[in-house]
Amino acid sequence: GLAKGLAMLNGYPPVTPREAPVDLEKGAIGRKLVSANGGFFCFSCHAIGSLKPAQVFDAQGINLAKVGIRLLPDYYRRWMRNPLRIDPQTKMPAYFNQGQSALFDILDGDAVQQIEALHHYIRLGDEMVPPEVPGQ
């Protein structure tokens, strides 16, 4: 009862609505976006399944294979647009600025589409195929 009440108090239904199935094509684009080769190099700080972080700077991020099941889609999208706005102490950089990303060759640099592709990738959970690691 407490969990339902807290959810409703914050404007959420007592049961999280089901999301559409993972789009594997978008997931493949998400995999490219987390890579070091033409992507954001997310696994520099984040583990991705069994792939360990390559070079943690200030703080290690959560394993991306474990977050897809936990995050509400709206929260995830707000976080990705501007992590510092959600948590001023986070070490995660903001990759999307005014609806664009620096990766113009992927989905024309459209932040909304890239964030969506990343979401489909992390929703794969334990079925995620880690990105290729340069030199391996």
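Anything mentioned here points back to the structure above.
Note that the structure is predicted; figures quoted are calculated from it, not measured.

Here is what the cut-offs are and how they apply
For every chain, the first residue of the written sequence is number 1, and numbering continues from 1 along that sequence. Residue-level local features of this predicted model are given only where pLDDT is at least 70; pairs of side-chain atoms are given and counted only at 80 or more, and the full residue set underlies all totals for whole chains, interfaces and linings. Only hydrogens and water are set aside; all other atoms, that is, all heavy atoms of the structure, feed into the side-chain values. Buried residues of nine kinds, namely Ala, Val, Leu, Ile, Met, Phe, Trp, Tyr and Cys, make up a nonpolar core once their side-chain atoms join them within 4.5 Å. When a residue's accessible area, from a 1.4 Å probe over protein chains only, is under 20% of the maximum for its type it is buried; when over 50% it is exposed; and in between it is partly exposed. The way it works is that DSSP assigns letters per residue, a run of H or I at least four long becomes a helix, a run of E at least two long becomes a strand, and they are numbered from the N terminus. What makes two residues a contact is simply this: any of their non-hydrogen atoms within 4.5 Å. Angular values range over 0 to 180 degrees, each being the angle between N-to-C directions of two axes fitted as lines to C-alpha atoms, with helices fitted over their stretch in contact. An angle counts as roughly parallel when it lies under 35 degrees, as roughly antiparallel when it exceeds 145, as roughly perpendicular when it falls between 65 and 115, and as oblique in every other case. Whether a crossing is left-handed or right-handed is set by the direction in which the near helix is turned from the far one by less than a right angle, anticlockwise for left-handed and clockwise for right-handed. Residues are grouped as follows: nonpolar covers Ala, Val, Leu, Ile, Met, Phe, Trp, Tyr, Cys and Pro; charged covers Asp, Glu, Lys and Arg; every other residue, Gly included, is treated as polar. Patch membership requires over 30% relative accessible area and the absence of a salt bridge. Like charges are linked within 9 Å, and nonpolar side chains (Val, Leu, Ile, Met, Phe, Trp, Tyr) within 5 Å. Here the open area of atoms and residues is found with the Shrake-Rupley method and a 1.4 Å probe, where only the protein chains shown may cover a residue. By definition, a salt bridge exists where a carboxyl oxygen of Asp or Glu is found within 4 Å of a side-chain nitrogen of Lys or Arg. In summary, the pairing rule links any two rings of Phe, Tyr or Trp, Trp by its six-membered ring, whose centres are within 6.5 Å, and it sorts them by plane angle into stacked for under 30 degrees, edge-to-face for over 60 and tilted for everything else.

### Some details on the nonpolar core
With 24 residues, the main nonpolar core has Leu-64 and Met-128 as its most contacted residues. Those elements that place two or more of their residues in this core are α2 (24-34), α3 (73-81) and α5 (111-122). Ranked by the residues each element gives to this core, the list is headed by α5, at 6 residues. Apart from residues lying up to four places away in sequence, Leu-64 is in contact with Val-34, Cys-42, His-46, Ala-47, Ile-48, Ile-122 and Met-128.

### Describing the packing of α3 against α5
The N-to-C vectors of α3 and α5 enclose an angle of 125 degrees; their axes lie 11 Å apart at closest approach. With respect to α5, the element α3 is oriented oblique. Of the two elements, α3 crosses α5, and the hand of that crossing is right-handed. Within the contact between the two elements, α3 uses Pro-73, Tyr-76, Arg-77, Met-80 and Arg-81 and α5 uses Ile-115, Glu-116, Leu-118, His-119 and Ile-122. For the contact of α3 with α5, a count of residues per class yields 6 nonpolar, 1 polar and 3 charged.

### Here we look at the side chain of Ser-44
As for its placement among the helices and strands, Ser-44 is situated in the loop between α2 and α3. Look at Ser-44 and you get buried, because its relative accessible area is 9%. Sequence-distant contacts of Ser-44, defined by excluding residues within four places in its chain, comprise Pro-53, Ala-54, Gln-55, Val-56 and Phe-57.

### A few points about a nonpolar patch on the surface
Residues Leu-2, Leu-6 and Leu-9 make up a contiguous nonpolar surface patch of roughly 360 Å² in combined accessible area. Summarising the element assignment, Leu-6 is placed in helix α1 (residues 2-9).

### Some words on the packing of aromatic side chains
Evaluation of the coordinates by the stated rule reveals 4 aromatic pairs. Aromatic side chains Phe-40 and Phe-96 sit 5.5 Å apart centroid to centroid with 75 degrees between the ring planes, which places their arrangement in the edge-to-face category. Here Phe-40 is found in the loop between α2 and α3, whereas its partner Phe-96 is found in strand β1 (residues 96-97), with 56 residues between them in sequence. Residue classification places Phe-40 among the buried residues on the basis of a relative accessible area of 9%. One aromatic cluster in this structure is built from Phe-40, Tyr-95 and Phe-96.

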